[in-house]
Amino acid sequence: MNNVFDEKRTIDLLGQLVNIPSPSGYTATIMQFIGSYLKNIGIEYKQTNKGAIIATIEGENNASHRLLTAHVDTLGAMVKEVKANGRLKLAMIGGFKWNAVEGEYCTIHTAQGKKIRGTILLHETTVHVYSNPDAIKRDADHIEVRIDEKCFNADDVRATGIEVGDFVSFDPRFEVIDSGFVKSRHLDDKASTALVLQLVKYIKENDIKLPYTTHFYISNNEEIGYGGNSNIPEQVVEYIAVDMGAIGDGQSSDEYTVSICAKDSSGPYHYELTRHLVELAKTNSIDYKLDIYPNYGSDASAAIRAGFDVKHALFGPGIEASHAYERTHVDSLRATAQLLYTYVISRMDSED
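Residues numbered from 1 in each chain as written. Predicted model: local features only at pLDDT ≥ 70, side-chain atom pairs only at ≥ 80, totals over all residues. Heavy atoms only, no water.

Quick word on the overall build of the chain
- Assigned secondary structure in the chain consists of seven helices and 19 strands.
- Relative to a compact globule of 352 residues, whose C-alpha radius of gyration would be 20 Å, the chain shows 21 Å and is just as compact.
- If you take every contact in the chain between residues at least 6 apart in sequence, the share linking residues at least 24 apart comes to 75%.
- Carbon and sulfur atoms make up 46% of the accessible area of the chain, which amounts to about 15200 Å² in all.
- Side-chain charges of the chain comprise 35 positive and 49 negative groups, with the mean position of each set lying 3 Å from the other. (Helix = DSSP H or I, 4+ residues; strand = E, 2+ residues; numbered from the N terminus. Rg over C-alpha atoms; globule rule 2.2 N^0.38 Å. Contact = heavy atoms within 4.5 Å. Areas by Shrake-Rupley, 256 points an atom, 1.4 Å probe, with all protein chains shown as cover. Lys, Arg positive; Asp, Glu negative; His and termini not counted. Charge placed at Lys NZ, Arg CZ, Asp CG, Glu CD.)

Remarks on the sheet that holds strand β8 (residues 143-147)
- On the basis of which strands lie adjacent, the closed barrel formed by six strands has the order β4-β5-β8-β7-β6-β9 and antiparallel pairing. In this sheet, neighbouring strand axes are inclined to one another by 40° on average, regardless of whether the strands run parallel or antiparallel.
- One ladder, built from five bridges, connects strand β6 (residues 105-109) with strand β7 (residues 115-122); its direction is antiparallel. From the neighbouring strand, Y105 faces β7, where its bridge partner is T119. (Pairing = 2+ DSSP bridges. Axes fitted to C-alpha atoms, helices over the stretch in contact; angles between N-to-C directions.)

A word on the environment of D287
- Mapped onto the elements of the fold, D287 is located in the loop between α5 (271-283) and β17 (288-292).
- On a C-alpha basis, the gap between D287 and R334 in space is 9.4 Å, while along the polypeptide they are 47 residues apart.

A few points about helix α1 (residues 7-18)
- End to end, α1 covers 16 Å across twelve residues, agreeing with the expected 16 Å (1.5 Å per residue, within 8%).
- When α1 is considered as a whole, its buried residues turn out to be T10, I11, L13, L14, G15, L17 and V18. (Expected span 1.5 Å × (residues − 1). Buried < 20%, exposed > 50% of the residue type's maximum accessible area, 1.4 Å probe, protein only.)

Comments concerning the pairing of strand β13 (residues 236-242)
- Taken across its seven residues, β13 has six buried, putting it largely inside the fold.
- Pairing of β13 with strand β18 (residues 311-319), which is carried by five bridges, proceeds in the parallel orientation. Bridge pairing links E238 to K311 in β18.

Considerations on the packing of α5 against helix α7 (residues 330-344)
- With their axes 10 Å apart at the nearest point, α5 and α7 run at an angle of 115° to one another. With respect to α7, the axis of α5 lies roughly perpendicular. As α5 packs across α7, the resulting crossing turns out to be right-handed. In contact with L273, H276, L277, L280 and A281 of α5, α7 contributes L339, T342 and Y343.
- Classifying every residue of the contact of α5 with α7 by side-chain character gives six nonpolar, two polar and no charged. (Parallel < 35°, antiparallel > 145°, perpendicular 65-115°, else oblique. Left-handed = near helix turned anticlockwise from the far one by under 90°. Nonpolar A, V, L, I, M, F, W, Y, C, P; charged D, E, K, R; others polar.)

Let's talk about the pattern of salt bridges
- Applying the stated rule across the entire model yields 18 salt bridges.
- Between K89 and D141 there is a salt bridge, and its shortest N-O distance comes to 3.0 Å. Residue K89 is located in strand β5 (residues 88-93), and its partner D141 is located in the loop between β7 and β8; the two are separated by 52 residues in the primary sequence.
- Given a relative accessible area of 18%, K89 falls into the buried group.
- Notably, a salt bridge pairs R117 with D171, separated by 2.7 Å at the nearest N-O pair. Taken together, the positions of R117 in strand β7 and D171 in the loop between β9 (167-170) and β10 (175-176) put the pair 54 residues apart, joining distant regions of the chain.
- Owing to a relative accessible area of 15%, D171 belongs among the buried residues under this scheme.
- The network of salt bridges with common partners includes D6, R9 and E205. (Salt bridge = Lys/Arg side-chain N within 4 Å of Asp/Glu carboxyl O.)

Concerning the packing of α1 against helix α4 (residues 187-205)
- Across the interface, α1 lies against α4 with an axial gap of 9 Å and an inter-helix angle of 135°. Classed by the angle they form, the pair α1 and α4 counts as oblique. As for how α1 packs across α4, the hand of that crossing is right-handed. Here R9, T10, L13, L14, L17 and V18 of α1 come into contact with α4, specifically with L187, K190, A191, T193, A194, L195, L197, Q198, K201 and E205.

So, the packing of aromatic side chains
- Under the defined criterion, the tally for this structure stands at six aromatic pairs.
- Seen from their ring centres, F96 and F170 are 5.5 Å apart, and the 85° between their planes marks the pair as edge-to-face. Pair noted here: F96 is in the loop between β5 and β6 and F170 is in strand β9, with a separation of 74 residues, a long-range link.
- Taken together, the ring pairs connect F96, W98 and F170 into an aromatic cluster.
- Taking NZ or CZ as reference, R66 lies 4.2 Å from the ring centre of Y343, over its face.
- One residue, R327, lies across the ring of F181, its end atom 3.8 Å from the ring centre. (Phe/Tyr/Trp six-rings, centres within 6.5 Å; stacked < 30°, edge-to-face > 60°. Lys NZ or Arg CZ within 6 Å of the ring centre and 35° of its normal.)

By themselves these figures say nothing about function.
So, in structure tokens, the structure goes:
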């Protein structure tokens, strides 16, 4: 199992993924990248009407299936208003706080395909003019985009091609530290996506026969609540969301282990399947933490709410400062890769 996690390949792929802008609703480019990746390693896939990708590897048992999903859509914004002062008012995509992106560089993606740079700022940023900017609420009425074009009014902005409804992506600032830390926006959930794609490649390169037909579902709408809750084959018995572990006060998860979720805001995950994952981690000496995420939902919980009759579970690398400038460690990526592999080659928990 030592060869399951290829650190260089995984980090290189993760860097490519986070540097492709993909806020929910604007994911065509990254899905094309993933399609090309799968094609290059000889894996066939289907694309849903919503743009998600499903790659299937047939197993020894083709009656009972498994599905693993990770998502590549990210937080972002859209142009809500072209303001009279030549700046942009934003509408959020996904659940983040304005303070998490204040001061961040961004790109406005126009309908004509033009990319225009800008900075997300509090309107009253200049301390030499505004006496108490700390007291001003960070919200859509005070946060705006200063675009890097010579624009003095709304007409000037529109002349650049910018219009209401254009997508805005945040700079990821991807960085790998010698101590093993990986820092970037959008590790949620591109870290897990990189691990899932690397797993598919490992299975293909080593001609591994899986015990069950397994679907690898790369979703593109998770951050807005409906990613992998459609196009689930009826044979699927076990549904695993591979997504970030939440770190903070009172949490067990950290940046060095794989985090297995017992419960989130949607309720408990399937008890027996969760215990199966825990036992796999114990048996294979995989560093893990069992945790509860109080303000969290996943594609797996969305599938349950949509009425699918599946056993659902959730695990993934621990991510610090979620929905902000995130960080994890290669140890956590390695542990997640190991649990992914031991899971897909294991017998279903009901057969243990």
